[in-house]
Amino acid sequence: MHSYLQSFLVVALPLVAALLVRKLLRKSVVQRLRGPASPSWLLGHEKAFVEQDQLGDLEFAWLREYGTAYHTKGCLGEHRIFLSDAKGLQHILHTSGYRWAKTGEADHGSYELLGNGVATVGGVTHQRQRKVLNPAFSAGQLRTFSSLFQRLSSQFSNRMRGLLNERGEIINMHIWLGRVTLDAIGESMSIDIFLNDLPTSSEGAFGFKFGALHDETNELAYQLNHLFADTAHRPDFNIVYGGLWRKLPTWFMNLIHSFISSKEGKRFQHFQDTSKRYAREALAASENITTSDPDSITGKDILSILVRANGEEDEKRKLSEDEVLSQMATMILAGHETSASTLTWVLYELSRHPEDQARCRQEIAALRDRVGDGPFSPQDYDNLPMLNAILKESLRLHPIVHTLNRVATCDDVIPLSEAVVTKDGVQLTQIPVEKGQIVSMSFASYNRNPSIWGKDADEWNPDRFMDAQPKPGDNRVPVGVYANLLTFSGGVRGCIGWRFALIEMQIILTEMLENFKFTFPKDVDIKRAPSGLMLPFVRGKMREGIQMPLHVTAL
């Protein structure tokens, strides 16, 4: 291993040095932006981001000090723009289309985790895949999920009552919310092709019920809960290695990667292999049902769409087998993690703000009095202003994807809605950049920008979203797909399943608050660990993985 590493560094570092020398004689506008002093040429600010106590400690302080666009350093002397300006983000995410691409490091990481799915590919391939998948997330198709989510939420309530009897009143809610959302994504992806009569498998697969709520040995549930367990503990070599993916040719780095692999990389690959294995079982099950008449597959669930796309002759609508399997891996992770982690943060905030929890419960009780014992309709959930305000506020404060890096594929000019001042006192309303410039888009900082969300942007205040209150930033630049937040990103690569996640969270949260009371336990300190995603860990128990222990009382 050490001999490979030495050989790698002997070849790679001179190449990086040669690329850097060309830029030393020029000082771009980017370098004239104000920003924190770099602690290291080799590691830049990347090590500081990894080692900060809570995710956002640095970013939020620098937002207040330097504004919505400032200069930071990546490893190996890399100059970056850290951006949370609304107009600048709109330009990169919306206006520019695919001219701002994912970095080499991000491409490699998402490919290792998800394969060639819609979250990984770019350009015309991304357009083709997204066009194929869009019908699965139409408003009409999403309405069919309500009864499924209600059934699973009811099962979740029953499971919670059983846990309270078996194990006491402290429950790690992240694990169990992850299990119900895993069951939800499994069944929803095949709701049409199997007509809700899903065969049960002890191994689980799309087209089968995962049964994660009742099977505590479920392989996928375990992998998902530990997928990012040690991402917060990145050694210096991993930081530099990631930087080399941004600077050196992909073919060269792929060659090197065949000899060097991290624990995280192995874990990512294992998840992809496992999810694709389950996906193959689902495709086989669907083929057994539809072999007699392939044209009969007319459903708009994800599995039906993928089966049809795999059999297409038109290249513009066709998905290869690997693309089909990669979409399923992508939907498992994205459909599970966004909802489970957001709901975990919602219950965290409500346990710390019991007055808001009580208001929301009263709102649900009033709706129950009007509707009776029957199920709520999708419109009923939309007409719960306090519940929806709580979801929005939690999405604002706790964006699961907190930062995305993009690289300019051509020279460009980034417009700004809030002027920034350079080191030499010049006020800028736009930033010219050269091809190859990396921008770190801070969704977490945008979501806490006081000029958009008010002077209390760092504080929990769901009332900012209540209908009776003035809307925050009514005249703001449109950026995000939901409530103008960037938690679901935006533009051509905005989250395709955000409406799915919202409906799912509305229903699960309503069920939880109608049946349980949540309080924060004593002597527990939750921190936002600086990992790839904004996830909760218990201080002092980081090695135990993602946790949200809450005191739960049945009502």
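Residues numbered from 1 in each chain as written. Predicted model: local features only at pLDDT ≥ 70, side-chain atom pairs only at ≥ 80, totals over all residues. Heavy atoms only, no water.

To continue, consider the nonpolar core. Membership of the largest hydrophobic core comes to 136 residues, with the highest contact counts inside it found for Ile81, Phe156, Met173, Ile431 and Phe518. Of all the elements, helix α16 (residues 321-352) adds the most residues to this core, at 13 residues. Ranked by size, the runner-up nonpolar core spans 14 residues in total, among them Val240, Trp245, Ile256 and Ile260. (Core = buried A, V, L, I, M, F, W, Y, C linked by side-chain atoms within 4.5 Å. Buried < 20%, exposed > 50% of the residue type's maximum accessible area, 1.4 Å probe, protein only. Helix = DSSP H or I, 4+ residues; strand = E, 2+ residues; numbered from the N terminus.)

The backbone of Ser489 shows a phi angle near 60 degrees, a positive value even though the residue is not glycine. Of the residues examined, Ser489 reaches a relative accessible area of 9% and is grouped as buried. Backbone geometry places Asp523, a non-glycine residue, at a positive phi of 60 degrees. Checked against the element boundaries, Asp523 lands in the loop between β9 (516-519) and β10 (526-530).

The next thing to look at is the pairing of strand β11 (residues 534-538). Within a regular beta strand, the side chains point alternately toward one face of the sheet and then the other, so they alternate between its two faces. Counting buried positions along β11 gives 5 out of 5 residues, so the element sits mostly inside the fold. Because side chains alternate across β11, one face comprises the buried residues Met534, Pro536 and Val538, and the other comprises Leu535 and Phe537, equally buried. Both β10 and β11 contribute to a ladder of 5 bridges, which runs antiparallel. Directly across from Pro530, in β11, lies its bridge partner Met534. (Pairing = 2+ DSSP bridges.)

Let us now look at the packing of helix α6 (residues 104-114) against helix α12 (residues 236-247). Look at α6 against α12: their axes get within 6 Å of each other, and the N-to-C directions meet at 110 degrees. Classified by the interaxial angle, the pair formed by α6 and α12 is roughly perpendicular. Residues Gly104, Glu105 and His108 of α6 pack against Gly242, Trp245 and Arg246 of α12. Partitioned by chemical class, the residues of the contact of α6 with α12 number 1 nonpolar, 3 polar and 2 charged. (Axes fitted to C-alpha atoms, helices over the stretch in contact; angles between N-to-C directions. Parallel < 35°, antiparallel > 145°, perpendicular 65-115°, else oblique. Contact = heavy atoms within 4.5 Å. Nonpolar A, V, L, I, M, F, W, Y, C, P; charged D, E, K, R; others polar.)

What the 3 strands build is an open sheet, ordered β4-β12-β9; its pairing is antiparallel. Each of the sheet's edge strands pairs with one partner strand only, and the pair in question is β4 (170-172) and β9. If you compare each strand with its neighbour and ignore which way they point, the axes differ by 45 degrees on average. The sheet contact formed by β4 and strand β12 (residues 549-554) spans 3 bridges and is antiparallel.

With that out of the way, let us pick up the sheet that holds strand β5 (residues 403-408). The strand order β1-β2-β8-β5-β3 describes an open sheet built from 5 strands, whose pairing is mixed. Of all the strands in the sheet, the pair left with one neighbour each is β1 (69-73) and β3 (100-102). The sheet shows a mean angle of 35 degrees between the axes of neighbouring strands, taken without regard to direction. Bridge analysis of strand β2 (residues 79-83) against strand β8 (residues 438-442) gives 4 bridges, and the strand direction is parallel. Residue Ile81 lies in a different strand from β8, and its bridge partner there is Val439.

When pLDDT is averaged across the protein, the result is 87; 87% of the residues are at 70 or more. Per-residue pLDDT stays below 50 along residues 193-206; that stretch engages in 45 contacts with residues further than four places along the chain or on separate chains. (pLDDT = per-residue confidence, 0-100.)

This next bit is on helix α19 (residues 385-397). For α19, built from 13 residues, the straight-helix expectation of 18 Å at 1.5 Å per residue is met to within 8% by its first-to-last C-alpha distance of 18 Å. Buried residues dominate α19, accounting for 11 of its 13 residues. Considered for burial, the residues of α19 that qualify are Met386, Leu387, Asn388, Ala389, Ile390, Leu391, Glu393, Ser394, Leu395, Arg396 and Leu397. Looking at the packing, one finds that the buried side of α19 touches α16, α17 (354-371), α18 (378-382), α21 (450-453), α22 (498-515) and β11. (Expected span 1.5 Å × (residues − 1).)

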